[in-house]
Protein chains: 2
Amino acid sequence: MNLRIPGPTPCPPEVLQAVGRQMINHRGPEFAEMLARIDKGVKHVYQTKNDVLFLTSGGTGAMEALVVNTLSPGDRVLGVSIGSFGDRLASIAETYGADVVRLKFEWGKAADPGEIDKALAADPSIKAVLVTHNETSTGVCNDLESIARTVRKHGDLLILVDAVSSLSSVPVCVDEWDLDAVASGCQKGWMVPPGVTMVSMSARAWKAYEQAKMPRFYFDVGKALDFAKRGQTPWTPAISIFFGLDVALGILLKEGLESVFARHERCGSLSREGAKGMGLQLFADERYASNTVTAVKVPEGVDGRDLTKMLREEYDTVLGGGQQHLAGKIFRIGHLGYVQETDIQAVLDALSKALPRLGFSPSRAAAS
Amino acid sequence: MNLRIPGPTPCPPEVLQAVGRQMINHRGPEFAEMLARIDKGVKHVYQTKNDVLFLTSGGTGAMEALVVNTLSPGDRVLGVSIGSFGDRLASIAETYGADVVRLKFEWGKAADPGEIDKALAADPSIKAVLVTHNETSTGVCNDLESIARTVRKHGDLLILVDAVSSLSSVPVCVDEWDLDAVASGCQKGWMVPPGVTMVSMSARAWKAYEQAKMPRFYFDVGKALDFAKRGQTPWTPAISIFFGLDVALGILLKEGLESVFARHERCGSLSREGAKGMGLQLFADERYASNTVTAVKVPEGVDGRDLTKMLREEYDTVLGGGQQHLAGKIFRIGHLGYVQETDIQAVLDALSKALPRLGFSPSRAAAS
């Protein structure tokens with residue numbers, strides 16, 4: 001099965017072998033040694049000297065951790081959103097009592113740093129900016145560097161980033177871009193089954209943590225830091241997933257970050273060019289097209305659900321559908337993590353065979 | 001390695017093989033079919049017709065879910081505690097703003113239903129009772145049936161139960177005992193690596209859910225129920241662990257609940273009799289001794305940390321240490337999940353060899 005959804009991604013066999021290892025004591029020396037190795041590797045990928053804390057959760061748990069560890073009820077925050085995950089991050093903050101100013105951009109477009117600049121200038125009471133780096137629902141990758149630079153012009157605001165579907169696949173320079181808390185999840189570019197997520201915390205974020213009054217317990221990164229000092233996590237961790245992450249980091253670091261990023265660029269480019277060459281239209285603004293997921297418009301006359309069903313049942317190819325109002329209107333090709341151009345070519349081949357059966361004739365260029 | 005801590009427990013090879021399977025789409029038909037199977041099996045073990053929701057977290061996450069889904073800030077609740085995990089559950093409720101009346105019993109003792117009765121009679125404003133079924137830190141298993149009956153005498157109070165280290169190893173009759181929300185975790189008797197937890201919700205609990213005002217997002221069981229209806233979880237689940245749980249349930253149900261409970265009883269009894277036969281003293285009140293974990297006093301003159309270290313390094317045996325003020329003073333033998341009497345006999349043999357080297361002479365009865 002060619003699993004090409006935007007996470008979980010397939011995992012290398014060595015990773016799966018590690019995931020299937022027998023349990024160990026999560027409060028013993030072997031786990032502590034592994035955690036130290038993982039911590040070092042993850043910080044390298046995050047390009048940071050900040051603390052990185054590990055949680056047992058899905059990506060949404062790490063997003064919740066960004067919020068509850070740095071904010072207090074009533075805090076005014078800017079919730080930048082370009083899609084479903086940006087909306088989710090803002091909703092989490094609202095759920096915990098933040099006063100969220102929502103700055104929404106059309107789905108398929110990137111966030112405009114100029115608009116963020118205006119919003120912050122108009123409201124000096126804003127303490128934090130919530131932003132999605134790579135919006136999985138639309139296949140748009142925000143220019144996080146420019147956004148961060150824009151926010152920082154306004155002072156010591158917290159920059160809280162959902163980098164779940166970008167980090168480890170495309171560059172995220174946590175220290176250089178001065179990002180305060182950054183969430184990622186191992187089921188994405190890290191090439192590991194879901195279950196473990198990470199959050200980095202800058203000195204500014206820790207300062208905010210000391211004053212933050214939103215309730216936090218399971219996702220308390222301060223507790224995670226205390227236990228990390230003795231090579232543990234506060235609560236029983238998903239040990240199997242840590243085993244996998246340990247091995248996957250070895251593979252990633254051996255390939256080298258630059259090569260990993262270049263590979264994602266090539267797979268992203270092949271997905272976009274292949275779809276366009278077939279006569280299909282991309283959903284996302286190409287200037288900000290994501291190198292981890294490509295959203296493609298379902299051609300007129302075709303039902304997107306029929307397409308993903310046929311691909312799955314008859315062509316061994318699993319793609320993502322559209323979320324919310326895009327259900328049936330787009331499909332999404334995940335190209336992150338354990339992926340090579342041949343995997344993407346196989347997706348394109350499957351599409352070029354399935355689409356005509358559903359009434360759409362791909363251009364000759366791609367079908368050849 | 002004979003891993004005998006009170007969770008994670010070792011896993012059967014078939015379970016580990018399943019855990020190491022390649023990823024699938026968590027929003028596709030294969031996951032939905034698996035979730036339906038798991039749901040059915042788990043409800044059988046819970047002995048309930050209530051909804052059971054699945055979370056990707058450690059056990060503490062499920063404990064947090066008990067609280068945030070049923071209570072509002074300011075709610076007066078009784079926090080019954082007989083050890084570290086009872087204290088934790090009360091602390092979670094306090095963190096989220098509950099007004100917790102703490103009813104503490106000496107570590108090593110069980111909760112006295114008579115005292116609970118008095119506490120509830122004295123304060124009719126109490127809306128919920130937090131209780132640990134099996135206290136992992138002390139090896140005491142509360143008489144949950146009597147406690148629940150006592151609470152119910154006082155009306156429609158919520159009974160919120162941490163059954164993380166009991167459910168699936170000893171009887172927990174959720175419906176018969178009228179328990180409202182009950183948390184468990186798959187790294188215990190379920191014989192699966194950590195990462196997935198469950199919470200059952202009674203009709204009374206759902207009614208409380210509708211009015212509960214504590215903030216909840218990641219651990220929102222209502223969202224979990226919505227997605228469960230389409231065979232999904234709201235957030236990306238720890239798929240590998242679900243694979244394992246699916247296979248482990250097959251093993252548990254084939255053995256049969258009664259046989260599973262009887263096996264835990266035999267292993268618990270062997271641990272206790274073996275330790276006593278060696279001249280060691282049990283920490284817990286024997287009338288309420290847990291059949292999943294046995295806490296043993298470290299004999300005078302021996303340092304508990306030296307003992308667990310020697311057992312690990314020289315006898316391939318991993319036991320739990322004491323928590324908090326019991327560190328170094330007790331050791332704990334986990335006997336839950338994938339365990340047979342031979343595993344416990346091996347622990348006793350290792351103890352009978354290690355203890356003399358640390359200055360304690362086991363009684364002849366056990367050394368023979």
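Within every chain, residues take consecutive numbers counted from 1 along the sequence as written. Each chain is given a letter, starting from A, and each ligand a number, starting from 1, according to the order in which they appear as written. At least 70 in pLDDT is required for a residue's local features to be given in this predicted model, at least 80 for side-chain atom pairs to be given and counted, and no such filter applies to totals for whole chains, interfaces and linings, which use all residues.

## Considering the sheet that holds strand β3 (residues 76-81) of chain A
Residue and element names in this part refer to chain A. By this definition, two strands are paired if DSSP reports at least two bridges between them. Helix and strand definitions follow DSSP, with helices as H or I runs of at least four residues and strands as E runs of at least two, each counted in order from the N terminus. Strand order in the open sheet formed by 7 strands is β2-β10-β9-β8-β5-β3-β4, with mixed pairing between adjacent strands. The two strands at the open ends of the sheet, each matched to only one other strand, are β2 (51-57) and β4 (99-104). Going from strand to strand, the sheet's axes swing by 20° on average, the running direction of each strand aside. Two strands pair when backbone bridges link them, and β3 and β4 are joined in this way by 6 bridges, in the parallel orientation. The partner of V77 across the bridge, within β4, is V100. Strands β3 and β4 of the sheet are contacted by helix α5 (residues 113-122), whose axis makes an angle of about 150° with β4. Interaxial angle, 0 to 180 degrees, is taken between N-to-C directions of lines fitted to C-alpha atoms, where a helix line uses only the stretch in contact. Residues are defined as contacting one another if the C-beta atoms placed from their backbone atoms lie within 7 Å.

## Quick notes on the packing of helix α2 (residues 29-46) of chain A against helix α9 (residues 239-255) of chain A
For any two helices packed against each other, the geometry comes down to the angle between their axes and how far apart the axes lie. Residues and elements named next belong to chain A. The interhelical angle for the contact between α2 and α9, taken along N-to-C directions, is 45°, at an axis separation of 10 Å. Here α2 is positioned oblique relative to α9, judged by the angle of their axes. The handedness of the crossing between α2 and α9 comes out as left-handed. Residues M34, R37, I38, G41, V42, H44 and V45 of α2 form the contact with α9, whose own contacting residues are F242, L245, D246, L249, L252 and L253. The nonpolar class holds Ala, Val, Leu, Ile, Met, Phe, Trp, Tyr, Cys and Pro. Asp, Glu, Lys and Arg form the charged class, and all remaining residues, Gly among them, are polar. Considered class by class, the residues forming the contact of α2 with α9 number 9 nonpolar, 2 polar and 2 charged. Every angle not falling under 35 degrees, over 145, or within 65 to 115 is termed oblique; those three ranges are roughly parallel, roughly antiparallel and roughly perpendicular. Note on convention: near helix rotated counterclockwise from far helix by under a right angle means a left-handed crossing. Clockwise means right-handed.

## Some details on the environment of G58(B)
Structurally, the position occupied by G58(B) is in the loop between β2 (51-57) and α3 (59-68). It is 6.8 Å that separates the C-alpha atoms of G58(B) and V196(B), two residues lying 138 residues apart in sequence. Setting aside anything within four residues of it in sequence, one finds G58(B) in contact with T56(A), W235(A), T236(A), P237(A), G185(B) and P194(B).

## A word on the interface of chain A and chain B
In this complex, chain A contributes 44 residues to the contact, which on the side of chain B involves 44 residues. Secondary structure elements with two or more residues in the side of chain A that touches chain B: α1 (13-19), β2, α3 (59-68), α4 (84-95) and α9 of chain A. The element that contributes the greatest number of residues to the side of chain A that touches chain B is α3(A), accounting for 4 residues. The class makeup of the residues in the side of chain A that touches chain B is 22 nonpolar, 20 polar and 2 charged.

## Some points on the domain arrangement of chain A
Residues and elements named next belong to chain A. Under the domain assignment used here, chain A contains domain 1 (13-254) and domain 2 (257-360). Inter-centroid distance (C-alpha atoms) of domain 1 to domain 2 is 27 Å. Taken together, the contact pairs 24 residues of domain 1 with 21 residues of domain 2. When its residues are assigned to classes, the side of domain 1 that touches domain 2 shows 9 nonpolar, 12 polar and 3 charged. The split of the chain into domains comes from an automatic or database domain assignment.

## Regarding the pairing of strand β12 (residues 317-321) of chain A
Residues and elements named next belong to chain A. β12 sits mainly inside the fold: 5 of its 5 residues count as buried. Both strand β1 (residues 2-4) and β12 contribute to a ladder of 3 bridges, which runs parallel. When the sheet's bridge partners are listed, L3 is paired in β12 with V318. The pairing of β12 with strand β13 (residues 330-334) spans 2 bridges and is classified as antiparallel. Paired with G320 across the two strands is R332, which belongs to β13. Three exposure classes are used. Buried residues have 20 or more other C-beta atoms within 10 Å of their own C-beta, exposed residues have 12 or fewer, and partly exposed residues fall in between, all C-beta atoms being placed from the backbone.

## Digging into the nonpolar core
For our purposes the nonpolar core covers buried Ala, Val, Leu, Ile, Met, Phe, Trp, Tyr and Cys residues that link as a set through C-beta atoms within 7 Å. Ranked by internal contacts, the top residues of the largest apolar core, which has 256 residues, are V199(A) and V199(B). When neighbours within four sequence positions are excluded, V199(A) is seen to be in contact with L53(A), L55(A), A62(A), A65(A), L66(A), A181(A), V182(A), A183(A) and V221(A).

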